[in-house]
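Residues per chain are reported as follows:
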Amino acid sequence: MDIKKGKLFVISGSSGVGKGTLLKQLVQRNPELEVSISATTRNPRPGEVDGVNYFFTSKEDFLKEVENGDFLEWAEFNGNYYGTKQAWVERNLNKGRNLILEIETKGALQIKQKMPDAVLIFILPPSLEELEHRLRGRNTEDEATIQGRLHEVKREIECSKNYDYRIINDDLEKALSELEKLVKSVIR
Ligand code: 5GP
């Protein structure tokens, strides 16, 4: 019997937009969705676990894997490398699993080129002012870092015009239900 190939969803959104919370709840409510674990060269944050949040790796090893063609996509973000393993994605899609990649825009557009059937979804903040407010509300970063993030946010929002769908995270419950409806309509 032929197994129906799984669907690939790529979800991006600027930092501070709440995509982490959205994704966590989406997967909790829909256990048939699996989230890919990326490789990264950045250091683990407190509480992050190797093999759970990311596969933490050195720049040297990461670049070796790039050379070997191990990544379906990879990109530099904030001075660190991030990438998705091709073998994992292919193996799971072939098993009929529906996958989610939570990655930034440069990687997302590489995926769309290689796999046009992938569904690209961008989570937007209600407004730039609101996002700035949220970023400042975290109270963890200096002004230069906040300005850097805002610049990056504007670039990513511009890039999101190439995505298949854009969802505004104004109200978490509303955004979650929109995202869930969209995903279910694709995997049905
Ligand atoms: P963070 O360091 O905050 O966990 O992630 C920084 C950015 O890297 C986020 O926008 C996240 O979506 C993105 N990212 C995480 N994993 C990957 C990946 O495998 N590939 C790409 N291109 N971006 C990733």
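Every residue gets a number counted from 1 within its own chain, in the order that chain's sequence is written. Local features in this predicted model are restricted to residues whose pLDDT is 70 or higher, and side-chain atom pairs enter the listing and the counts only when it is 80 or higher, whereas totals over whole chains, interfaces and linings include all residues. The basis for every side-chain value is the complete set of non-hydrogen atoms in the structure, without hydrogens or water.

**Comments concerning the environment of Asp 2**
- Runs of H or I in DSSP of at least four residues are treated as helices and runs of E of at least two as strands, each being numbered from the N terminus. Looking at where Asp 2 falls in the secondary structure, it is placed in the segment before strand S1 (8–13).
- According to the relative accessible area criterion, Asp 2 is exposed, its value standing at 75%.
- For the pair Asp 2 and Gln 110, spaced 108 residues apart in the sequence, the C-alpha separation amounts to 28 Å. To sort residues, take the accessible area from a 1.4 Å probe on protein chains only and compare it with the maximum for the residue type: under 20% means buried, over 50% means exposed, and anything in between is partly exposed.

**Overview of the pattern of salt bridges**
- Any carboxyl oxygen of Asp or Glu that lies within 4 Å of a side-chain nitrogen of Lys or Arg is treated as forming a salt bridge with it. Inspection of every chain in the model, using the stated rule, returns 15 salt bridges.
- Residue Arg 134 is joined to Glu 130 by a salt bridge in which the shortest nitrogen-to-oxygen separation is 3.4 Å. Here Arg 134 and its partner Glu 130 are both found in helix H5 (residues 128–137), four residues apart, which amounts to about one turn of the helix.
- Owing to a relative accessible area of 24%, Arg 134 belongs among the partly exposed residues under this scheme.
- With a closest N to O distance of 3.0 Å, Glu 158 and Lys 161 form a salt bridge.
- What makes Glu 158 partly exposed here is its relative accessible area of 47%.
- Exposure remark for Lys 161: the relative accessible area of 53% places this residue in the exposed category.

**Comments concerning the site of the ligand**
- Among the 15 residues in the neighbourhood of the ligand, the closest are listed as Arg 42, Tyr 54, Tyr 82, Glu 102 and Glu 104.
- Contacts described as polar in this section are N or O atom pairs within 3.5 Å, which, within protein, must combine one atom able to donate a hydrogen with one able to accept it, while residues neighboring in sequence count only if both atoms come from side chains. In the model, an oxygen atom of the ligand is placed 2.7 Å from a nitrogen or oxygen of the Ser 38 side chain.
- Note that a nitrogen atom of the ligand is positioned 2.7 Å from one of the side-chain N or O atoms of Glu 104.
- Here the accessible surface of atoms and residues is derived via Shrake-Rupley with a 1.4 Å probe, and residues count as covered only by protein chains that are part of the display. Surface burial for the ligand is 89%, taken as the share of its 510 Å² of free accessible area covered by protein chains.
- Listed by contribution, the elements that provide at least two residues to the shell around the ligand are strand S5 (71–77) and strand S6 (80–85).
- Split into classes, the residues belonging to the shell around the ligand amount to five nonpolar, four polar and six charged. Here a residue is considered near a molecule or strand provided that any single heavy atom belonging to it is located within 4 Å of it. Side-chain classes follow a simple rule in which Ala, Val, Leu, Ile, Met, Phe, Trp, Tyr, Cys and Pro form the nonpolar group, Asp, Glu, Lys and Arg form the charged group, and the remainder, Gly included, forms the polar group.

**Details of the pairing of S6**
- Summarising burial for S6: five of the six residues are buried, a large majority.
- At least two DSSP bridges between two strands are required for those strands to pair. By the bridge criterion, two bridges tie strand S3 (residues 39–40) to S6 in an arrangement that is antiparallel. Bridge pairing in S6 places Ala 39 opposite Gly 83.
- Pairing of S5 with S6, which is carried by six bridges, proceeds in the antiparallel orientation. Within the sheet, the bridge partner assigned to Ala 75 lies in S6 and is Tyr 82.
- The hairpin turn running from S5 into S6, its antiparallel successor, is two residues long, and Asn 78 in that turn takes a positive phi close to 55 degrees.

**Looking at the sheet that holds strand S2 (residues 33–35)**
- What the five strands build is an open sheet, ordered S2-S7-S1-S8-S9; its pairing is parallel. A strand with exactly one partner marks an edge of an open sheet, and here the two such strands are S2 and strand S9 (165–168). For this sheet the average axis-to-axis angle between neighbouring strands, irrespective of direction, equals 25 degrees.
- Here S1 runs beside strand S8 (residues 119–124); their pairing, made up of five bridges, is parallel. Opposite Gly 13, over in S8, you have Ile 123 as the bridge partner.
- In what follows, residue pairs with any heavy atoms lying within 4.5 Å of each other are defined as contacts. Between N-to-C directions, angles cover 0 to 180 degrees, with each direction set by a line fitted to C-alpha atoms, over the stretch in contact for helices. Running over the sheet, helix H4 (residues 105–114) touches S1, strand S7 (98–102) and S8 and is turned about 155 degrees from S1.

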